[in-house]
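One letter stands for each residue in the lines below.
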Amino acid sequence: APLAIALGNVQLYVAENSARNQAEILRRVAADLNSSLELEPLLKQILEYLEQVIPYDSATIFLEKEGSLNVVARRGAYRAIYHDTIDLGNEELAVNKVFKLGQPRLIPDTKTDPTWIPYPGFEYIRCWLAIPLQVKGKPIGALTLDNVVARFYTEKNQEIALAFANQAAVA
């Protein structure tokens, strides 16, 4: 029983430390929002902060413009040719669904998910997490996180990414 109590205390400490770290990073993001006027460097900074709490191989922030999702910030080890715009007319692409439905989406394993359509050059993605960017309920873009490891992201990661996406949308 003492070992179980000690283990429980360690888990509680780790969870509390993690929550404190996440809160501190979100506070820094908010401070940067208030002090920066330039959008692209600010969004790149948000991706840097995000990596401190949710590791990723690559991450992208898209904003909608004239019927397309345009890359405004990206970070990570991209193995693909850069695609700067994605046509919103392609209803089957997962990022377009996230944008249009306004719902986060977690695909634990892209190889086994029948709805995942690999975008040319991005076949390396095995686990994918996307969060819509919205202002006053209106879609303005999306934040995506990619990982080469299947089942890497969890629902908890989705909650944390949502907090960062809200900060990015405010920007």
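My aim in this report is to walk through the structure given alongside it, one point at a time. (Residues numbered from 1 in each chain as written. Predicted model: local features only at pLDDT ≥ 70, side-chain atom pairs only at ≥ 80, totals over all residues. Heavy atoms only, no water.)

### Let's talk about the overall build of the chain
Selection rule: Here a helix means four or more residues in a row that DSSP labels H or I, a strand means two or more in a row labelled E, and each is numbered from the N terminus. The buried label applies to any residue whose accessible area, calculated with a 1.4 Å probe on protein chains only, is under 20% of its type's maximum; exposed applies above 50%, and partly exposed to all values in between. Whether two residues are in contact is decided by their heavy atoms, any of which lying within 4.5 Å being enough. For accessible areas, the Shrake-Rupley method is used with a probe of radius 1.4 Å. Any residue's cover is judged against the shown protein chains and nothing else.
The helix and strand inventory of the chain stands at four helices and six strands. Seen in sequence order, the chain has helices and strands lined up from the N terminus as α-α-β-β-β-α-β-β-β-α. The proportion of buried residues among the 171 residues of the chain is 41%. Expressed as a percentage of contacts within the chain between residues at least 6 apart in sequence, the contacts between residues at least 24 apart total 54%. Accessible surface computed for the chain: about 9400 Å², of which carbon and sulfur atoms make up 56%.

### Details of the sheet that holds strand β1 (residues 58–65)
By way of backbone hydrogen bonds, the strands of a sheet pair with one another, either parallel or antiparallel. Heads up, the condition is: Strand pairing is defined by DSSP finding a minimum of two bridges between the two strands. To obtain an axis, a line is fitted to C-alpha atoms, over the contacting stretch when the element is a helix, and the angle between two such axes runs from 0 to 180 degrees between their N-to-C directions.
Pairing in this open sheet of six strands is antiparallel, and the strands run β3-β2-β1-β6-β5-β4 from one edge to the other. Each having just a single partner strand, β3 (85–87) and β4 (105–107) make up the two edges of the open sheet. Strand-to-strand twist in this sheet, taken as the mean axis angle between neighbours without regard to direction, amounts to 20 degrees. Relative to strand β6 (residues 138–147), β1 runs antiparallel, the two sharing six bridges. Across the sheet, Ala59 pairs through a bridge with Leu145, a residue of β6. Strands β1, β2 (68–76) and β6 of the sheet are contacted by helix α2 (residues 39–53), whose axis makes an angle of about 55 degrees with β2.

### Section: a nonpolar patch on the surface
To keep things clear, this is the line we draw: Patch criteria: residues need more than 30% relative accessible area and no salt bridge. Like-charged residues are merged within 9 Å; nonpolar side chains of Val, Leu, Ile, Met, Phe, Trp and Tyr are merged within 5 Å. Whenever a carboxyl oxygen of Asp or Glu lies within 4 Å of a side-chain nitrogen of Lys or Arg, that contact is scored as a salt bridge.
A contiguous nonpolar surface patch, about 200 Å² in accessible area, is contributed by Val148, Val149 and Phe152. Note on placement: Val148 falls in the loop between β6 and α4 (155–170).

### Brief notes about the environment of Leu88
Following the sequence through the fold, Leu88 ends up in the loop between β3 and α3 (94–101). Once the C-alpha coordinates of Leu88 and Lys100 are considered, the two residues, 12 residues apart in sequence, prove to be 8.7 Å apart. Here Leu88 is in contact with Glu64, Gly67, Ser68, Leu69, Asn96, Phe99 and Lys100, once residues within four sequence places are set aside.

### Here's the deal with the nonpolar core
Put simply, the rule reads: Among buried residues, those of type Ala, Val, Leu, Ile, Met, Phe, Trp, Tyr and Cys that are joined through side-chain atoms within 4.5 Å constitute a nonpolar core.
Judged by nonpolar contacts, the single largest core of 26 residues is most densely connected at Leu47, Leu50, Ile54, Ile61, Leu143, Leu145 and Tyr153. For this core, the secondary structure elements donating two or more residues are α2, β1, β2, β5 (127–135), β6 and α4. Discounting residues that sit within four places of it in the chain, Ile61 has contacts with Leu43, Leu47, Asn70, Val71, Val72, Ala73, Leu133, Ala142, Leu143 and Ala168. The next biggest cluster of nonpolar side chains, apart from the first, holds 18 residues, and it includes Phe62, Tyr124, Trp128 and Ala142.

### What to know about the packing of α2 against α4
When two helices pack together, their arrangement is given by the angle between the helix axes and the distance between those axes. Put simply, the test is: Note that the term roughly parallel is reserved for angles under 35 degrees, roughly antiparallel for angles over 145, roughly perpendicular for angles of 65 to 115, and oblique for everything else. Two helices crossing with the near one rotated counterclockwise from the far one by less than a right angle form a left-handed crossing, whereas a clockwise rotation gives a right-handed crossing. Each residue is assigned to one class: nonpolar for Ala, Val, Leu, Ile, Met, Phe, Trp, Tyr, Cys and Pro, charged for Asp, Glu, Lys and Arg, and polar for all the others, Gly among them.
It is the contact of α2 with α4, at a shortest axis distance of 10 Å, that shows an interaxial angle of 165 degrees. Viewed along their axes, α2 and α4 adopt a mutual orientation that is roughly antiparallel. The two elements α2 and α4 cross, and the hand of that crossing is right-handed. Of the residues in α4, those in contact with Leu43, Ile46, Tyr49, Leu50 and Val53 of α2 are Ile160, Ala161, Phe164, Gln167 and Ala168. Here the residues of the contact of α2 with α4 are counted per class, giving nine nonpolar, one polar and no charged.

### Re the pattern of salt bridges
Inspection of every chain in the model, using the stated rule, returns seven salt bridges. One salt bridge in this structure joins Asp113 and Arg105, with 3.9 Å as the shortest N-O distance. If you follow the salt bridges from partner to partner, you end up with Asp109, Arg126 and Arg151 in one network.

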